[in-house]
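# Tertiary structure, described
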Amino acid sequence: MTLRDIVRQLGLEVVAGAGWLDRDVSGGFSGDLLSNVLASARPGNLWITIQRHVNVVGVAQVAGLSGVLLAGGEPPAAAVLAKAEEMAIPILLSRDGAFELAGRLHRILVPDVR
Amino acid sequence: MQEPTHGGPRRLVHHVRAGDIEHGGLASAQIKRQLSGLGVAPQDARRAGIIAFEGEMNLVVYSTNGGTITVTVSEKLVDIEVADEGPGIEDIDLALTPGFSTAPSWARELGFGAGMGLCNIQANADWFEIHSHIGSGTRILCRIERRRHDASGHRPTTRT
Ligand SMILES: Nc1ncnc2c1ncn2[C@@H]1O[C@H](COP(=O)(O)OP(=O)(O)OP(=O)(O)O)[C@@H](O)[C@H]1O
Ligand SMILES: [Mg+2]
């Protein structure tokens, strides 16, 4: 499944990296402690977080994540979006909270689980 | 930054400023890109990127005057050195304990301070050394043994 499919199905706003939505998503990871994400997120994962500062872009880039899904509505600062664009990291935005988003993402990425 | 070389190993040196959270992680992102550009396999570039990121953020959060990340790439190895000149670590065993952290509250609010950075560095290195003394600073040495691969990123097939 691509980021584009997920954007459409979850009704997300694309605030950076619109040019890379054809990227495949290998799974999801949810968390706000950066070292925990670096330890446990797998390459190609879409990362759900409430953090929205510039280090998020660095984490996503070094960990080879497919993109970042920001929970809770507020868009990040313009400088963060510019960095994401430069680093080819799509930033997706939703008003929903992380729990809700993780549930909905899980349902479409792992549809067999009841 | 990339220093001119003539054949042999390539050395990349990045300076990191103390407290510079606005650029934190960006040297590491650049290092990962540079390694990919030098033909390092994606999995190895990822490991190096994670090591560099954890080292870089520790320089930003804890060092007195910043420090340097030096990456040396040769045919078989990627060596990463993260060095600063203080304050140094009082109890290295404690610092290496998962969950131990002295991160200040401003860093914790940004999602740092899980006490997992040095563990992540160790987990991604094939070889790891840490030297630290109060007053003289901290030096971390890591080595990644590169996977053999061709230009397409595939590992070579051995024929017998
Ligand atoms: N370069 C350094 N100089 C001085 N102290 C350091 C340095 N690097 C690490 N430390 C000490 O070691 C502790 C553990 O570091 P580590 O990177 O494992 O975790 P952390 O930085 O606290 O949290 P995380 O990396 O998970 O965000 C730090 O809290 C700090 O006390
Ligand atoms: Mg750390």
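Above this note sits the structure.
The following refers to the structure shown. (Residues numbered from 1 in each chain as written. Chains lettered and ligands numbered in written order. Predicted model: local features only at pLDDT ≥ 70, side-chain atom pairs only at ≥ 80, totals over all residues. Heavy atoms only, no water.)

On to unusual backbone geometry, then. Cis rather than trans, the peptide bond between B:Gly86 and B:Pro87 has omega equal to 20°. Tracing the backbone through its elements, the reader meets B:Pro87 in the loop between β3 (77–84) and α3 (92–95). A positive phi angle, close to 60°, is found at A:Ala88, a residue other than glycine. Taking relative accessible area as the criterion, A:Ala88 reaches 15% and is therefore assigned buried. (Helix = DSSP H or I, 4+ residues; strand = E, 2+ residues; numbered from the N terminus. Buried < 20%, exposed > 50% of the residue type's maximum accessible area, 1.4 Å probe, protein only.)

Between chain B and chain A, the residue contacts involve 23 residues of the former and 24 residues of the latter. Interface area for chain B against chain A, summed over the two sides, is near 1900 Å², with a carbon-plus-sulfur share of 58%. At the boundary of chain B with chain A, the tally comes to zero salt bridges. Broken down by secondary-structure element, the contributors of at least two residues to the side of chain B that touches chain A are α1 (26–37), α2 (42–62) and α5 (117–124) of chain B. If one sorts the elements of the side of chain B that touches chain A by residue count, α2(B) sits on top with six residues. Here the side of chain B that touches chain A is composed, by residue class, of ten nonpolar, seven polar and six charged. (Contact = heavy atoms within 4.5 Å. Buried area = accessible area lost by both parts, 1.4 Å probe. Salt bridge = Lys/Arg side-chain N within 4 Å of Asp/Glu carboxyl O. Nonpolar A, V, L, I, M, F, W, Y, C, P; charged D, E, K, R; others polar.)

Purely spatial values, then, with no claim about function.
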